[in-house]
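Each chain, written out:
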Amino acid sequence: NAGVTQTPKFQVLKTGQSMTLQCAQDMNHEYMSWYRQDPGMGLRLIHYSVGAGITDQGEVPNGYNVSRSTTEDFPLRLLSAAPSQTSVYFCASSYSNRGYGYTFGSGTRLTVV
Amino acid sequence: GESVGLHLPTLSVQEGDNSIINCAYSNSASDYFIWYKQESGKGPQFIIDIRSNMDKRQGQRVTVLLNKTVKHLSLQIAATQPGDSAVYFCAEIIMWEYGNKLVFGAGTILRVKS
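In this text, all values refer to a predicted model and were calculated from it rather than measured experimentally.

## What to know about the side chain of Q85 of chain A
Residues and elements named next belong to chain A.
Okay, step 1: Inspection of the secondary structure assignment puts Q85 in the loop between β8 (76-78) and β9 (87-94).
Okay, step 2: Since its relative accessible area comes to 5%, Q85 is described here as buried.
Okay, step 3: Only 3.2 Å separates the side chain of Q85 from the backbone oxygen of G63, close enough to count as a polar contact.
Okay, step 4: Every residue in contact with Q85, bar those within four places of it in the chain, is listed here: R36, N62, G63, Y64, L78, S80, L110 and V112.

So this is what it looks like as structure tokens:
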């Protein structure tokens, strides 16, 4: 039982490049979400999903796209990376729509130069 | 607005002492609060939670207190140990149309001196 797995752990991009951050969970959780964490700050919600085929925007969605074709996977796409997207990205999953049982991945540290 | 904030950005305590980390929230409609611990290079880890119909909840060496009158949350760690050194976040659950979202505070750094 791996929990929530994020890849890669580290990534450096040039401005304008695109990439996909991967997130997979093996707990059969319906709810998955992406957060970014900037230095000295808490986590801010980017996008979330309540099940396969259903996604919605969080607090800071601009510059990011998501899709949810399976229960297990919830990739985050950066279409044209900007320095302002330098951050640590966390994926989380939960078994409850009441907020219980959130499990976080170990994060992806992204630097955009 | 929706925000959760912390009073103390850094807290240093002596090993064996009790620690108290405070948090203020602004959304009076929130009914569920969670404390997370985040160690360097790792994702947030659940510590303890509390529903709005409770004032106090105890776990192993940790206690969370909720004062809805002043919208204040605190985390008490008994007999603080070096392994407790981390960043602690409070978070509140805000219900959206399809489910919920976590709103995090900025965090408090806890340093335990041996």
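## Thoughts on the pattern of salt bridges
Residue and element names in this part refer to chain B.
Okay, step 1: For the structure on display, the rule yields seven salt bridges over all chains.
Okay, step 2: Measuring nitrogen to oxygen at the nearest pair gives 3.8 Å for the salt bridge that ties E39 to K42.
Okay, step 3: Overall, the relative accessible area of 28% leaves E39 in the partly exposed class.
Okay, step 4: The salt bridge partner of D49 is R57, with a shortest N-O separation of 2.1 Å.
Okay, step 5: On the basis of relative accessible area, D49 is assigned to the buried category, the value being 12%.

## Observations regarding the interface of chain B and chain A
Okay, step 1: Taken together, the 22 residues of chain B in the interface contact 24 residues of chain A.
Okay, step 2: Where chain B packs against chain A, one counts one residue pair in polar contact (both at pLDDT 80 or more).
Okay, step 3: Looking at the side of chain B that touches chain A, the elements with two or more residues in it are β4 (32-38), β9 (86-95) and β10 (100-104) of chain B.
Okay, step 4: Per-class residue counts for the side of chain B that touches chain A are twelve nonpolar, six polar and four charged.

## Focus on the pairing of β10 of chain B
Okay, step 1: In terms of burial, β10 of chain B is a largely internal element, five of the five residues being buried.
Okay, step 2: Burial along β10 of chain B is two-sided: the face carrying N100, L102 and F104 of chain B and the face carrying K101 and V103 of chain B are both buried.

## Describing the sheet that holds β8 of chain A
Residues and elements named next belong to chain A.
Okay, step 1: As summarised here, the arrangement of the four strands in space is β1-β3-β8-β7, forming an open sheet in which the pairing is antiparallel. In the strand order of this sheet, the two ends are held by β1 (4-7) and β7 (64-66), each with one partner. Direction aside, neighbouring strands of the sheet carry axes that sit 20 degrees apart on average.

## Notes on the packing of aromatic side chains
Both the distance between ring centres and the angle between the ring planes are used here to describe each pair of aromatic rings.
Okay, step 1: Summed over all chains, the structure comprises nine aromatic pairs over all chains.
Okay, step 2: One aromatic cluster is present, formed by Y35, Y102 and F104 of chain A together with Y36, F89 and F104 of chain B through successive ring pairs.

## Thoughts on the state of the cysteines
Residue and element names in this part refer to chain A.
Okay, step 1: With the rule as written, the count across this model stands at two disulfides over all chains.
Okay, step 2: Between the sulfur of C23 and that of C91 lies a disulfide, 1.9 Å long from S to S. Given an S-S torsion of about -75 degrees, the disulfide between C23 and C91 has left-handed geometry. Of this pair, C23 sits in strand β3 (residues 19-25) while C91 sits in strand β9; the two residues are 68 residues apart in sequence, bridging distant segments of the chain.
Okay, step 3: Judged by its relative accessible area of 1%, C23 is buried.

## Section: the nonpolar core
Okay, step 1: Membership of the largest hydrophobic core comes to 20 residues, with the highest contact counts inside it found for W35, L73, L75, Y88 and L110 of chain B.
Okay, step 2: For this core, the secondary-structure elements that each account for two or more residues are β2 (10-14), β3 (19-25), β4, β5 (45-51), β7 (62-67), β8 (72-77), β9 and β11 (108-113) of chain B.
Okay, step 3: Formed by 19 residues, the second largest nonpolar core is a distinct cluster that contains V50 of chain A together with F89, I93 and L102 of chain B.

Conventions and cut-offs
Residues numbered from 1 in each chain as written. Chains lettered and ligands numbered in written order. Predicted model: local features only at pLDDT ≥ 70, side-chain atom pairs only at ≥ 80, totals over all residues. Heavy atoms only, no water. Helix = DSSP H or I, 4+ residues; strand = E, 2+ residues; numbered from the N terminus. Buried < 20%, exposed > 50% of the residue type's maximum accessible area, 1.4 Å probe, protein only. Polar contact = N/O pair within 3.5 Å; in protein donor to acceptor, adjacent residues only side chain to side chain. Contact = heavy atoms within 4.5 Å. Salt bridge = Lys/Arg side-chain N within 4 Å of Asp/Glu carboxyl O. Nonpolar A, V, L, I, M, F, W, Y, C, P; charged D, E, K, R; others polar. Pairing = 2+ DSSP bridges. Axes fitted to C-alpha atoms, helices over the stretch in contact; angles between N-to-C directions. Phe/Tyr/Trp six-rings, centres within 6.5 Å; stacked < 30°, edge-to-face > 60°. Disulfide = S-S within 2.5 Å. Core = buried A, V, L, I, M, F, W, Y, C linked by side-chain atoms within 4.5 Å.

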